[in-house]
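Residue-level structure breakdown
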Amino acid sequence: MAEKPNFWIGFACALAGALLWGFSGACIQFLAENYVVRSSFISFVRAATAAVLFLAFMLAARRESLLSLAHSKRAWPGLLLFGVGLYLSQITYAVSVALTNAGTATVLQATCTVFVMLFTCMKLRHWPRPLDLLGLVCAMGAATLIATQGDWGVMVLPVAGLAWGIANALSETLYIMAPQRLYLHWDRFTVISCGMVISGVLAALVWACGALWGDAPQVPAMDGLGWAALVLGVGVMGTFAAFGLFLYGVSVVGSVHGSLLGVAEPVGAMVIAAVWLHTAFSAADWTGLILMAAMIVLVSISGARGEKTAEGGR
């Protein structure tokens, strides 16, 4: 009886984290539509806010684990690659939202599941499983449907938006795969915290250089609502809380259930954008979302079967 409440707490945390990621996408769309704010500045505030909060938590609660990882020279190459991937995923997502909308950008982002599967197959030198291939078909069908709206002779989705969306998926693939070896020696939260700090430093450097080279003001003119959407909506809730809740939830319910709950992210982004920002989504958009959700489910089931097969081999 004691394990049941823990499972449902983990379930709720993972679901809340995925929805908060979707909420951050709607906040970024709100900022892009109502203020003159550059994507580099959004990524800087987002990464810096999350980095400060993660670092403060680690210094207060897990100082020894943090110092152990920071002093390990062998860990730094993987950490740097992880931090770069985290930063790139944030800035490419912000640009993708600005060129399309929160729902479309989040659906394109979800194709990272397929890229992870393909790169893993290349690394292990074996063909994808049948369910993985079916998932790939669903993902490509979803992206094509959203881009053309069912009219195969017309590209409704801007080419730049599609390109930045795919770049976002590739950068997310990088930060998912880069720290896998680190997780074998340090707990996930410590690795994530260090990656976030590195991402925050990179975001600050890129924004500072952009302010020197570009013609935009260093700090955009926004009212209280804009700053609340940026700092609280994107930084605190959409990055720090989303990562913390989702990762804790996955540690309780397991990776398979966590991946399935992650489907709530694009769903949340599209629903919140439709209700809050009155973004119009067509039947083709919603059909593409359903195909994307089917892809994630298929790849998750295939991964679960693979884990069982591996365990049986031992």
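Everything quoted here is computed from the prediction, not taken from an experiment. (Residues numbered from 1 in each chain as written. Predicted model: local features only at pLDDT ≥ 70, side-chain atom pairs only at ≥ 80, totals over all residues. Heavy atoms only, no water.)

Okay, the overall build of the chain next. Counting its secondary structure elements, the chain contains 13 helices and 0 strands. When the helices and strands of the chain are placed in sequence order, the string is α-α-α-α-α-α-α-α-α-α-α-α-α. Put simply, the chain has 314 residues, and 49% of those count as buried. Considering only contacts within the chain whose residues lie at least 6 apart along the sequence, 85% involve residues at least 24 apart. As displayed, the chain offers around 15200 Å² of accessible surface, 70% of which is attributable to carbon and sulfur atoms. (Helix = DSSP H or I, 4+ residues; strand = E, 2+ residues; numbered from the N terminus. Buried < 20%, exposed > 50% of the residue type's maximum accessible area, 1.4 Å probe, protein only. Contact = heavy atoms within 4.5 Å. Areas by Shrake-Rupley, 256 points an atom, 1.4 Å probe, with all protein chains shown as cover.)

Counted under the stated rule, the structure contains 11 aromatic pairs. Where Phe41 meets Trp207, the ring centres are 5.4 Å apart and the plane angle is 55°; that geometry is what we call tilted. A residue pair is termed long-range when its members are at least 10 positions apart, and Phe41 in helix H2 (residues 39-61) and Trp207 in helix H9 (residues 188-213) qualify at 166 residues. Here Phe41 matches Trp207 in class, with each residue buried. Summarising the aromatic geometry, the rings of Phe54 and Phe189 are spaced 5.3 Å apart at their centres and angled 50° between planes, so their arrangement reads as tilted. Taken as a pair, Phe54 in helix H2 and Phe189 in helix H9 lie far apart in primary sequence, 135 residues in all. (Phe/Tyr/Trp six-rings, centres within 6.5 Å; stacked < 30°, edge-to-face > 60°.)

In this section: the packing of H2 against helix H4 (residues 76-99). Direction vectors running N to C along H2 and H4 enclose 135°, while the axes themselves pass 9 Å from each other. Classified by the interaxial angle, the pair formed by H2 and H4 is oblique. Judged by the sense of rotation from one axis to the other, the crossing of H2 with H4 is right-handed. When H2 is examined against H4, the residues Ser39, Ser40, Ser43, Arg46 and Ala47 are found in contact with a partner set consisting of Tyr87, Gln90, Ile91, Tyr93, Ala94 and Val95. Partitioned by chemical class, the residues of the contact of H2 with H4 number 6 nonpolar, 4 polar and 1 charged. (Axes fitted to C-alpha atoms, helices over the stretch in contact; angles between N-to-C directions. Parallel < 35°, antiparallel > 145°, perpendicular 65-115°, else oblique. Left-handed = near helix turned anticlockwise from the far one by under 90°. Nonpolar A, V, L, I, M, F, W, Y, C, P; charged D, E, K, R; others polar.)

Another aspect to go through is a nonpolar patch on the surface. A contiguous nonpolar surface patch, about 300 Å² in accessible area, is contributed by Phe119, Met122 and Leu170. Mapped onto the secondary structure, Met122 falls in helix H6 (residues 112-124). The class of Met122 is exposed, set by a relative accessible area of 60%. (Patch = residues over 30% accessible without salt bridge, like charges linked within 9 Å, V, L, I, M, F, W, Y side chains within 5 Å. Salt bridge = Lys/Arg side-chain N within 4 Å of Asp/Glu carboxyl O.)

This brings us to the nonpolar core. In this structure, Val191, Ile192 and Phe243 are the most contacted members of the largest nonpolar core, which totals 27 residues. Only helix H1 (3-34), H2, helix H3 (63-70), H4, H9 and helix H10 (224-253) provide two or more residues apiece to this core. For this core, the leading source of residues is H9, giving 6 residues. (Core = buried A, V, L, I, M, F, W, Y, C linked by side-chain atoms within 4.5 Å.)

As a further point, take H3. Listed in full, the buried residues belonging to H3 are Ser65, Leu66 and Leu69. For H3, the buried positions fall inside an angular range of 100° around the axis, keeping them on one side. (Arc of directions from axis to C-beta.)

The subject of this paragraph is the environment of Arg63. Within the secondary structure, Arg63 sits in helix H3. Taking the relative accessible area as the measure of exposure, Arg63 reaches 47% and is therefore partly exposed. Along the sequence, Arg63 and Thr190 sit 127 residues apart, while their C-alpha atoms lie 9.4 Å from each other.

With 81% of its residues at a pLDDT of 70 or more, the chain shows a mean pLDDT of 79. Across the chain, H4 holds the top mean pLDDT of 89, while helix H11 (residues 255-261) sits lowest at 56. Note that pLDDT drops below 50 for residues 310-314; the model gives that stretch 0 contacts with residues more than four away or on any other chain. (pLDDT = per-residue confidence, 0-100.)

Moving on, we come to the environment of Phe41. Taking the relative accessible area as the measure of exposure, Phe41 reaches 4% and is therefore buried. Residues Phe41 and Pro220, spaced 179 residues apart in sequence, show a C-alpha to C-alpha distance of 8.5 Å.

Moving on, we come to the pattern of salt bridges. When charged atoms on two side chains of opposite charge get close, those side chains can pair. Within this structure, the stated rule accounts for 1 salt bridge. The salt bridge partner of Asp187 is Arg62, with a shortest N-O separation of 2.8 Å. With Asp187 in the loop between helix H8 (159-177) and H9 and Arg62 in the loop between H2 and H3, the pair connects residues that are 125 residues apart, well separated along the chain. With relative accessibility at 29%, the residue Asp187 sits in the partly exposed group.

Looking now at the side chain of Ser43. Within the secondary structure, Ser43 sits in helix H2. A residue is classified by how much of its surface remains accessible, and Ser43, at 1% relative accessible area, is buried. There is a polar contact of 3.4 Å between the side chain of Ser43 and the backbone nitrogen of Ile91. Discounting chain neighbours no more than four positions away, the residues touching Ser43 are Tyr87, Gln90, Ile91, Ala94 and Ala203. (Polar contact = N/O pair within 3.5 Å; in protein donor to acceptor, adjacent residues only side chain to side chain.)

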